[in-house]
Amino acid sequence: MIEPDCTVWQVRCAFNAFCKRVLKNEAINIYNERQQRLTKEMTFSDLTPQEENQLFTLDHQYEGEEGENLQVARKSITPKLLAEALRTLPIEKRKTVLLYYFFDKSDVEIAELLEIPRSTVQYRRTSSFKWLKRFLEEHADDWDD
């Protein structure tokens, strides 16, 4: 067996020591970051009831409270009716509509997000709009507040 040259051995040892030092320093950094995060974080069990109530809100719009109705062409469009109309859409079209109208995404952004052509996004959006319009026109009088 051929023994490595002395300088090659020294380089390997130096590199080995360097790698170990880097790993040790990275472990120390991770530990320090974790300790800093722990000092800033609080468990839910440590919260007072007042602090717990600040973490969430309740939307009572669909629990019998009167929501804002839209009057379009002498037809009343309620939030429940609109939610039902959206629910009847196929999932791909629903995603497109929600991203466009509720999350203010452009057709290009939606296409990138869903990994589909931009023309498909435009088609889904416009056909969904026609579907929603037809559904709302047909069912506007059937739904109560």
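Summary of the structure given here. (Residues numbered from 1 in each chain as written. Predicted model: local features only at pLDDT ≥ 70, side-chain atom pairs only at ≥ 80, totals over all residues. Heavy atoms only, no water.)

### Points about the packing of helix α5 (residues 107-114) against helix α6 (residues 118-139)
1) Next: The N-to-C vectors of α5 and α6 enclose an angle of 110°; their axes lie 8 Å apart at closest approach. Relative to α6, the element α5 is oriented roughly perpendicular. In contact with Asp-107, Val-108, Ile-110, Ala-111 and Leu-114 of α5, α6 contributes Arg-118, Val-121, Gln-122, Arg-124 and Arg-125.
2) Next: Of the residues that constitute the contact of α5 with α6, the class distribution is 5 nonpolar, 1 polar and 4 charged. (Axes fitted to C-alpha atoms, helices over the stretch in contact; angles between N-to-C directions. Helix = DSSP H or I, 4+ residues; strand = E, 2+ residues; numbered from the N terminus. Parallel < 35°, antiparallel > 145°, perpendicular 65-115°, else oblique. Contact = heavy atoms within 4.5 Å. Nonpolar A, V, L, I, M, F, W, Y, C, P; charged D, E, K, R; others polar.)

### Re the nonpolar core
1) Next: Listed in full, the 10 residues of the largest apolar core are Ile-77, Leu-81, Ala-85, Leu-86, Leu-89, Val-97, Leu-132, Phe-135, Leu-136 and Ala-140.
2) Next: Elements with a minimum of two residues in this core: α3 (79-88) and α6.
3) Next: Setting aside anything within four residues of it in sequence, one finds Leu-136 in contact with Ile-77, Leu-81, Leu-82 and Ala-85.
4) Next: Ranked by size, the runner-up nonpolar core spans 5 residues in total, among them Leu-99, Ile-110, Ala-111 and Ile-116. (Core = buried A, V, L, I, M, F, W, Y, C linked by side-chain atoms within 4.5 Å. Buried < 20%, exposed > 50% of the residue type's maximum accessible area, 1.4 Å probe, protein only.)

### Some points on the environment of Leu-47
1) Next: Examined against the element boundaries, Leu-47 turns out to sit in the loop between α1 (6-40) and α2 (49-53).
2) Next: Relative accessible area serves as the criterion here: at 18%, Leu-47 is assigned to the buried category.
3) Next: Those residues in contact with Leu-47 that sit more than four places away from it in its chain are Met-42, Glu-52 and Leu-55.

### Some details on the pattern of salt bridges
1) Next: Under the defined criterion, the tally for this structure stands at 2 salt bridges.
2) Next: Here Arg-87 ties to Glu-84 by a salt bridge, and the two come within 2.5 Å at their closest N and O atoms. Separated by 3 residues within a single helix, Arg-87 and Glu-84 lie in helix α3, roughly one turn from each other.
3) Next: Across the salt bridge formed by Asp-107 and Arg-125, the nearest N and O atoms sit 2.9 Å from each other. A residue pair is termed long-range when its members are at least 10 positions apart, and Asp-107 in helix α5 and Arg-125 in helix α6 qualify at 18 residues. Neither Asp-107 nor Arg-125 differs from the other in exposure class; each is buried. (Salt bridge = Lys/Arg side-chain N within 4 Å of Asp/Glu carboxyl O.)

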